[in-house]
Every structure is written in C-alpha cells, then in structure tokens.
Amino acid sequence: MEAKQKTIDIIKQTRKAAPEAFEARKLYLKMRKAIAEALKDEPKTIPQVAEATNIPIGEATYYMMAMLKFGELSVNGIDDMDEYYFYELKKA
Amino acid sequence: MEIQQETCINESLYDVLVIGAGIAGEESALKLADMGYRVLLVEKEPSIGGKMILLSKVFPTLDCAACITTPKVSETARHPNITILTLTEVEEIVRDTKNRFSVTLKKKPRYVVEKDCTGCQECEKACPAIVNDQFQFNLTARKAVYIPFTIANPRVALIDIDNCLLCGACEKACPSNCIDFTQKEEQLKITAKSVIVSTGFKLFDPIQIERYGFGRYKNVITSMQMERQLAPTRPFNNILRPSDGKVPDKIAYVFCAGSRDHTVGNPICSQVCCMYSTKQAQLLMGALPMADVSLYYINIRAFGKGFDEFYEQAKDMGAKYVKGKIASITEKENGNLILRYEDIATGKVTEKEHDLVVLSVGILANPGITRVFKKERLETDALNYIRQTDLLQSPAITSIEGVFAAGTATAPMDIPDTIMSAGAAATETSSYLARLS
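Calculation notes
- Residues numbered from 1 in each chain as written.
- Chains lettered and ligands numbered in written order.
- Predicted model: local features only at pLDDT ≥ 70, side-chain atom pairs only at ≥ 80, totals over all residues.
- Heavy atoms only, no water.
- Helix = DSSP H or I, 4+ residues; strand = E, 2+ residues; numbered from the N terminus.
- Rg over C-alpha atoms; globule rule 2.2 N^0.38 Å.
- Buried < 20%, exposed > 50% of the residue type's maximum accessible area, 1.4 Å probe, protein only.
- Areas by Shrake-Rupley, 256 points an atom, 1.4 Å probe, with all protein chains shown as cover.
- Lys, Arg positive; Asp, Glu negative; His and termini not counted.
- Charge placed at Lys NZ, Arg CZ, Asp CG, Glu CD.
- Contact = heavy atoms within 4.5 Å.
- Pairing = 2+ DSSP bridges.
- Axes fitted to C-alpha atoms, helices over the stretch in contact; angles between N-to-C directions.
- Core = buried A, V, L, I, M, F, W, Y, C linked by side-chain atoms within 4.5 Å.
- Domains from an automatic or database assignment.
- Expected span 1.5 Å × (residues − 1).
- Arc of directions from axis to C-beta.
- Buried area = accessible area lost by both parts, 1.4 Å probe.
- pLDDT = per-residue confidence, 0-100.

Structural notes on the overall build of chain A
In step 1: Summing up its helical and strand segments, chain A has four helices and two strands in all.
In step 2: When the helices and strands of chain A are read in sequence order from the N terminus, they spell out α-α-α-α-β-β.
In step 3: Rg of the C-alpha trace for chain A: 18 Å, well past the compact-globule value of 12 Å for 92 residues, more than 25% over.
In step 4: In terms of overall dimensions, chain A has a C-alpha envelope of 55 × 30 × 20 Å along the principal axes.
In step 5: For chain A, buried positions account for 38% of its 92 residues.
In step 6: On chain A, roughly 5,700 Å² of surface is accessible, and the fraction owed to carbon and sulfur atoms is 53%.
In step 7: Across chain A, the 15 positively charged side chains and the 15 negatively charged ones have centroids separated by 14 Å.

Written as structure tokens, this is what we have:
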C-alpha cells in the first residue's frame, strides 16, 4: 500500500502539469467562490447570479451547470414565467 | 461466466480482430463469438458502445437508446469468447506468411488498475482539476479523473493526464488503491485470422459553415448536443439554452447542416438527420409542452419502415416543417437568433426569431483506419468510406481478402441497417474462416 501511494511522486519525476490546467483550476475556483457568495442568502436564477457577480452570463451558465453536476448546487423551483430555474447551494 | 478483464491478453492468436466497439463492432463480435470464434474487440475510447450509447431515444419507435444498447454492451463485455481492449488503437496490420494478419496495437494508460476500480467516484470528488466534458459535447465540465458517463462500460475511472494537476488527491482518496501513475503506454502484438473494420463515422463540424454562427453564438448547438440534453444523463437539470440557462420556447432545426452540400465536401444525404430531428422535435414537445418547434428542410427523406408515419405524427403533435434553406443566422443582444431564409412555399425571403437553434449535422466518413494496412490497400470510395467491392451480393467484402467492413464505416446508415450490416460482416467472416480451416 505504501508503494501505491507514491505513484504520483514517480510520475512527477518525469512529467509536469500543464500551465493551462492550473489556469483552468484557478478560474473555476474564482467562479465557484463568486457564485457561492451570490447564492449564500437565497436561491437565484443564472441571470441573477451573472448580474450579482459580473460574470458573463454564458460563463455563469457553464460554471453553475458544472457545480450542479459536481453536487455543489441544487435546483429550487422555476420562476413565474417558467423561463429560469432557481439554484441554491446544496445543503451539506 | 467469466468476465473478461481487458488488461489480460494471455493469448495472442485470435480468429477475428474487430476494430471499433460501437453498435456495429459489438454486433459482429457477438455473432462471431456465439459461433465459437475467439474475438479481440479494440476500441480507442475509454468505453465501448460508440455513439449509440450517448443517444436519448431511437426513431421511429422512441425506444430508450440506453435500454437497447446497454444489454448488448454488457453481453459483449461478459462474453467468454470476446476480449476487449479500450483506449487502444491499431497501429499496423500486415499479412504474414501463413495468410494471417500480424497486428500492432497501442494501448494508452488509464492510470487506474481496472480490475480494482469499483467505480465509486471518490477520486472524482477529490480531483481539483476541471476540463470540458467531451462526452457531453462540451456543454459542461468534468474532472481530470473521471468515469466517461454513467453507463460507460467498463465503468472504471481514467485519468486525463494532459489536464491533470499531478496533485495526487485522487490517489489519496481512492479506497481501493487503484490509482497507478506508473502505467505506461503499451505496444501489443497479436495475430488475427481475419479483421472486421467497424470504425463508424465522424460528425460534421458545423464551425465550417460560418453563416450558421456555430462556435460564435452559444444558442446555436448541434443535434448531438441536443441529444445529450434529451438523454436521462443530461448535462443540465432540464433542456436549457447554453447562453443563459433559459428554458427555450421557440426552437429551430436547420436540416442538412453539412450534408447534401458540395461547398463543404459532403454532397450526399446522411440518411438519419431528417428522422433524428423529427424524433428530437417530438421529445422536445413532450418535455416542453409550451415550446414551438420549427424544422427548416430542403426535402424530407422518410424512407424507412414507419418513418413517414413518424413524420406525420410529429406534424400532428404541432411540429412546423418549413421548406427553405437557411441563408444566415444572426444573434440579438438577448441571445435570440434571427434565421433568414427563402420560404419555398411563398417564394419570399423571410426572417424568423428563435431562442435556440439546433443544427442537424451530417455524417462523414472516418477513413483513418486505411493507413494502418501495410503492403495491401484498403480501398475507399469517392467519399472516403470503405469501398464495398461487391455491394449488392456481399456488402461486407473489401479490397483486402480477409478484411470485412461493418456499419457506417461503409456508408451513412441508421441503427437497424447498421445491425444488419454487422450481421452480414459476421457471416462473411465466418464463411472466410471456415474456408481458411
């Protein structure tokens, strides 16, 4: 088991992570933090989150759908016009 | 019944090498394996199942695609006469002196010990790296360590090493200690008495047609992206516009996007777009009862059994079929899209606003496999599909003796025709093997 846990150290001797992977991670963390902040008090639709965070709405959609997939957000109903769903932070 | 573990190639002589584990490859492999032949099924993706396993439903029956394909996938994976290699590509095929094929394979590392992975996804939860999910056609993200999709087979994680941060979080989180960063690319040598090419098709990339705005306008999506949105394992919680998460209510389909179009090098009909768009229209009207669905077409080709009735059913449900080729698509500030087209019924150039546009993308040949045959030439036709040298009497026969073709490697076709083609390839192969012995 000890040897298994060190396989990451073995690959790191010959390979480095791509800078683009770190950039993508950094961006996701930034977006996630902003989205979580916007949703901390009440559920919001994607346009409401985009407005509250100044994240371009297309990017807000992409990252909120990723957070939904990763189990960080959940759906909380739809607006009166049946156009936009409300999303909230998933309760632990 | 013994489950075939893909890392265990104990024997190097097979009766048949099947290249490509989509529905055609699986069907051919199963038929031959049931006859007692030993089959090696090679797939370049991390899961078998091809494109069908990603579909929502099938036309014209509206049966659940996963419900049809997963039993076949499972049967293939568990068949004692079939050995499966995923993440594996064929590098070279040469006929040897015994009239058999000497095959060189390249197997990419999964960085996960397949027999130990339980598919628990604890590694995914721990992974901090995110990247576009290619199995959701980039509509959402996935982790760098991931299971391709819920019904993947094998349901085993893999690490996308190009996007991995090399943080080791997955290795710490894995309860079965199956992460193994020491895995290397392997070269395997096998011998096969015969080969079936079932490498499928490529989807047309509509970015080539600038006037449709795909890649520039987020609400112009492909039919495969809509297919994923309609599937139970969808990328979003419902059918939504990628630009802002709005539930669409005026949806347009643009037929023949990359088919019957000399300007993009694909002058032929893709056979399936009219019907899969009609299927999607019916599913959309079921999922979004208030939605208007308009389908812009050149000609409707509803040639198969039950197809015309299926088309009429869509019209009865409220789908609007508009005869007219789309000249251009432009985007409004709110993300809605203006379609400009000549309405053939009135002869007038008309504009119409929609909030989501789906491009019914066509099928293209996938001829890359022809390059692996050395000393002999696997011939293709004018459109780069595998040439069928005796199309009418023996459609699976190719220009190389002992090499057969199945499914959309030979031409665009729908799922039932693919199954029949795969059956024909299996029959020709068994006949060839009987002659050999």
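A closer look at the overall build of chain B
In step 1: When helices and strands are tallied, chain B shows eight helices and 21 strands.
In step 2: Against the 2.2 N^0.38 benchmark of 22 Å for 437 residues, chain B shows a C-alpha radius of gyration of 23 Å, consistent with a compact globule.
In step 3: Dimensions along the principal axes, computed over C-alpha positions, put chain B at roughly 65 × 60 × 35 Å.
In step 4: Sorting the 437 residues of chain B into buried and exposed places 58% on the buried side.
In step 5: Expressed as a percentage of contacts within chain B between residues at least 6 apart in sequence, the contacts between residues at least 24 apart total 67%.
In step 6: The averaged location of the 52 negative side-chain charges in chain B is 2 Å from the averaged location of its 50 positive side-chain charges.

Looking at the sheet that holds strand S14 (residues 292–297) of chain B
All names here are of chain B.
In step 1: Ordered in space as S12-S19-S13-S14-S15, the five strands form an open sheet in which the pairing is parallel. Of all the strands in the sheet, the pair left with one neighbour each is strand S12 (220–222) and strand S15 (320–323). Sheet twist, expressed as the mean angle between neighbouring strand axes with direction ignored, is 25°.
In step 2: Strand direction decides the pairing type here: S12 and strand S19 (residues 356–361), joined by three bridges, are parallel. Opposite valine 220, over in S19, you have valine 357 as the bridge partner.
In step 3: Set on the sheet, helix H5 (residues 223–230) makes contact with S12, strand S13 (250–257) and S19; between it and S12 the angle comes to about 80°.

Thoughts on the nonpolar core
In step 1: Grouped together as the largest cluster of nonpolar side chains are 82 residues, with contacts concentrated most on B:Ile329 and B:Leu359.
In step 2: The residues that make up this core include at least three from each of domain 1 (13–108 + 185–201 + 365–436) and domain 2 (204–362) of chain B.
In step 3: Counting residues in hydrophobic clusters, the runner-up holds 65 residues, among them A:Ala17, B:Ala65, B:Phe135 and B:Ala425.

Things to note about helix H2 (residues 65–78) of chain B
All names here are of chain B.
In step 1: Under the 1.5 Å per step criterion, the end-to-end length of H2 is 20 Å for 14 residues, consistent within 8% with the ideal 20 Å.
In step 2: Inspection of H2 places Ala65, Ala66, Thr69, Lys72, Val73, Thr76 and Ala77 among the buried residues, and these make up the whole buried set. Taken end-on, H2 shows its buried residues confined to a sector of 145°, consistent with a single buried face.
In step 3: Along its buried surface, H2 packs onto helix H1 (23–34), strand S2 (39–42), strand S3 (82–85) and helix H8 (415–436).

A look at the sheet that holds strand S18 (residues 348–354) of chain B
Residue and element names in this part refer to chain B.
In step 1: Pairing within the open sheet is antiparallel, and its three strands lie in the order S16-S17-S18. Of all the strands in the sheet, the pair left with one neighbour each is strand S16 (326–331) and S18. For this sheet, the mean angle separating the axes of adjacent strands, direction not counted, is 20°.
In step 2: Two elements, strand S17 (residues 337–343) and S18, share seven bridges in a ladder whose sense is antiparallel.

Quick look at the domain arrangement of chain B
Residue and element names in this part refer to chain B.
In step 1: Here chain B is partitioned into domain 1 (13–108 + 185–201 + 365–436) and domain 2 (204–362).
In step 2: A separation of 32 Å is found between the C-alpha centroids of domain 1 and domain 2.
In step 3: On the side of domain 2, 21 residues touch domain 1, which itself brings 14 residues to the contact.
In step 4: Counting the surface lost from both domain 1 and domain 2, the interface buries some 1,500 Å², and carbon and sulfur atoms represent 76% of this.
In step 5: Among the residues domain 1 hides against domain 2, the three largest losses belong to Ser56, Phe59 and Pro60. Together they make up 38% of the total.

Quick notes on the confidence of the model for chain B
In step 1: Taken residue by residue, chain B gives an average pLDDT of 95. The fraction at 70 or more is 97%.
In step 2: Counted against residues more than four places away or in other chains, residues 1–8 of chain B, with its pLDDT under 50, gives 20 contacts.

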